[in-house]
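Below are the chains, spelled out letter by letter.
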Amino acid sequence: MKNIAILGSTGSIGTQTLEIVREQGTIRVWALVAGKNIGLLERQIREFSPVLAAVWDEEDAKKLRLRVSDLDVRIVSGMDGMIEAAVIPQAQMLVTAIVGMIGLRPTVEAIRAKKQIALANKETLVTAGHLIMPLAKEYGVPILPVDSEHSAIFQSLNGEDASRIHKILLTASGGPFRGKTKKELSGMQVEDALRHPNWSMGKKITVDSATMVNKGLEVMEAKWLFGTGLDKIQVVVQPQSVIHSMVEYIDGSIIAQLGTPDMRLPIQYALYYPKRMPLSGKRLDFYELGSITFEKPDLETFDGLRLAYEAAERGGNMPAIFNAANERAVAKFLERKISFLEITQIIHECMLHCAYVGEPDLEQVLETEQVVYEWIESRW
């Protein structure tokens, strides 16, 4: 029996993790953490019987306590509650599926508690990879990628010597706006950005796919996960989302992981690693597929990817500036307060004007987020 806690149980990755728990029947959920969706969290508590559940706001926690007063579960709140769930003694693994830098502290504490980390929270490594990876090494904690691309790279590295990597080929679907011009993008609305052709994801990550900022975040994440220089990470647009990523070795051999665009596959692989388990759902049919095509990313039109490489190259707290600026800009776009093209404009302005720190500690990384938020609010 696998024992886990889930950070972000009501989001896209969290709910799909619980689908796997339901289907496999060999995983015990000890703690659940959610944001504000206490209705769904209550249903999850009733089905999966955790001993601890956390929400961010204490008022929501009070409401939830009343709703589950008939159950043997303790409800906590705030950062302290999130950390308590992340380090719960009964769980051997923490699934970090929460969106945003709010997941940093609980992940750090889970590593110190020697929990395995099934990582879906990009911000953990994007903003603090220089802290997280050495800490995981110090405590002997494996970080198992849940992103489909990083899982594909991880699988393509199985049994291989990582020092023999020539290049990581990080694939991208191109998102809903692949092939469009800047002029065409200027008129795109929220509904357009949320129509991803292949993947079913949360709103924020779907918009990130539309700007290709998501791929930039994945480049930064891959750098830390696989200890690879940026010059060895190449983004390849693969519109069918069948090849989830590839690794080219020094002898010219390329190993790829393929499958249908189903996030349950990388989630389940992380949960049961190194064991593979049966998974329901559609299988890849090459006769039906017919062909797989490739394109070079358009870094001028989708300048979010170009800015991500620049932020990663600069290092320090620049990736945190990039990430925080994108988070706030995407939120404003979803609220219809800015246009689609203003998302990357805001990121660029923040990278130019927010204070740079060369070797930030965890507090400075978190302070960077607030500085960026305040800078954006004072101008947009």
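Before reading further, recall that the structure is shown in the block above.
Residues numbered from 1 in each chain as written. Predicted model: local features only at pLDDT ≥ 70, side-chain atom pairs only at ≥ 80, totals over all residues. Heavy atoms only, no water.

Caption draft 1: Representation of the sheet that holds strand 8 (residues 165–172) in the model. If you trace the four strands from one edge of the open sheet to the other, you get 9-8-10-11, paired in mixed fashion. In the strand order of this sheet, the two ends are held by strand 9 (233–237) and strand 11 (254–258), each with one partner. Averaged over all adjacent pairs, the angle separating strand axes in this sheet is 20 degrees, with direction ignored. Judged from the four bridges that link them, strand 8 and strand 10 (residues 243–249) form a sheet pairing that is antiparallel. Within the sheet, the bridge partner assigned to leucine 169 lies in strand 10 and is methionine 246. Against the sheet, helix 7 (residues 148–156) touches strand 8, strand 10 and strand 11, its axis set at about 40 degrees to strand 10. (Pairing = 2+ DSSP bridges. Helix = DSSP H or I, 4+ residues; strand = E, 2+ residues; numbered from the N terminus. Axes fitted to C-alpha atoms, helices over the stretch in contact; angles between N-to-C directions. Contact = heavy atoms within 4.5 Å.)

Caption draft 2: Main features of the environment of asparagine 158. Along the chain, asparagine 158 turns up in the loop between helix 7 and strand 8. Considering only alpha carbons, one finds asparagine 158 and asparagine 198, 40 residues apart in sequence, at a separation of 27 Å. Not counting residues within four places of it along the chain, the set of residues in contact with asparagine 158 comprises Tyr269 and Tyr273. A polar contact of 2.7 Å, which involves the side chain of asparagine 158, links it to the side chain of tyrosine 269. (Polar contact = N/O pair within 3.5 Å; in protein donor to acceptor, adjacent residues only side chain to side chain.)

Caption draft 3: How the structure looks around the pairing of strand 4 (residues 74–77). The pairing of strand 3 (residues 52–55) with strand 4 spans four bridges and is parallel. Within strand 4, the residue paired with leucine 52 across the bridge is arginine 74. Taking the sense of rotation as the criterion, the β-α-β connection linking strand 3, helix 3 (residues 58–67) and strand 4 turns out right-handed. (Right-handed = clockwise from strand over helix to strand, strands pointing away.)

Caption draft 4: Representation of the sheet that holds strand 2 (residues 27–33) within the structure. On the basis of which strands lie adjacent, the open sheet formed by seven strands has the order 4-3-2-1-5-6-7 and parallel pairing. The sheet is open, and its two borders are formed by strand 4 and strand 7 (143–145), each paired with just one other strand. Averaged over all neighbouring strand pairs, the angle between strand axes comes to 25 degrees, with direction disregarded. Relative to strand 2, strand 1 (residues 2–7) is paired through six bridges, and the arrangement is parallel. Following the sheet pairing, asparagine 3 is matched in strand 2 by arginine 28. Each of strand 1, strand 2 and strand 5 (93–96) is contacted by helix 1 (residues 12–24), which is oriented at about 160 degrees to strand 1, the strand it contacts most.

Caption draft 5: Representation of helix 16 (residues 342–353) within the structure. Here helix 16 spans 16 Å end to end across twelve residues, near enough to the 16 Å set by a 1.5 Å rise per residue. For helix 16, every residue scored as buried is listed here: Ile343, Thr344, Ile346, Ile347, Cys350 and Met351. Each buried residue of helix 16 sits inside an arc of 155 degrees when the element is viewed along its axis, so together they form one side. In this structure, the buried side of helix 16 is in contact with helix 10 (203–211), helix 11 (213–225), helix 14 (303–314), helix 15 (318–334) and helix 17 (362–377). (Expected span 1.5 Å × (residues − 1). Buried < 20%, exposed > 50% of the residue type's maximum accessible area, 1.4 Å probe, protein only. Arc of directions from axis to C-beta.)

Caption draft 6: Quick look at the environment of lysine 215. Position of lysine 215 among the secondary structure elements: in helix 11. Its relative accessible area of 6% is what places lysine 215 among the buried residues. Sequence separation of lysine 215 and glycine 14 is 201 residues, and the distance between their C-alpha atoms is 21 Å. When residues no more than four places from it in sequence are discounted, the contact partners of lysine 215 are Glu149, Leu170, Thr171, Ala172, Val235 and Leu305.

Caption draft 7: Highlighting the pairing of strand 9. Buried residues dominate strand 9, accounting for four of its five residues. By the bridge criterion, five bridges tie strand 8 to strand 9 in an arrangement that is parallel. Pairing of leucine 169 across the sheet is with glutamine 234, part of strand 9.

Caption draft 8: Here's a closer look at the side chain of threonine 344. Residue placement: threonine 344 occurs in helix 16. The exposure class of threonine 344 is buried, given its relative accessible area of 6%. If near-sequence neighbours (up to four positions away) are discounted, threonine 344 is found in contact with Val213, Asp303, Gly304 and Leu307.

Caption draft 9: The arrangement of the packing of helix 7 against helix 12 (residues 264–272) in detail. In contact at an axis separation of 9 Å, helix 7 and helix 12 are set at 50 degrees when each is read in the N-to-C sense. Here helix 7 is positioned oblique relative to helix 12, judged by the angle of their axes. Helix 12 is crossed by helix 7, and the crossing has left-handed handedness. Where helix 7 abuts helix 12, its residues Ser148, Ser151, Phe154 and Gln155 lie against Leu265, Pro266 and Tyr269. For the contact of helix 7 with helix 12, the class distribution of residues is four nonpolar, three polar and no charged. (Parallel < 35°, antiparallel > 145°, perpendicular 65-115°, else oblique. Left-handed = near helix turned anticlockwise from the far one by under 90°. Nonpolar A, V, L, I, M, F, W, Y, C, P; charged D, E, K, R; others polar.)

Caption draft 10: Spatial organisation of the pattern of salt bridges. Here the structure, examined in full by the defined rule, presents 27 salt bridges. Between arginine 195 and aspartate 192 there is a salt bridge, with its nearest N and O atoms 2.9 Å apart. Judged by relative accessible area, arginine 195 falls into the exposed class, the value being 53%. Between aspartate 262 and arginine 264 there is a salt bridge, and its shortest N-O distance comes to 2.9 Å. We note that aspartate 262, like arginine 264, is buried. Connected via shared salt-bridge partners are Lys122, Asp147, Glu149, Lys215 and Glu218. (Salt bridge = Lys/Arg side-chain N within 4 Å of Asp/Glu carboxyl O.)

Spatial relationships are all this shows, so hold off on functional conclusions.
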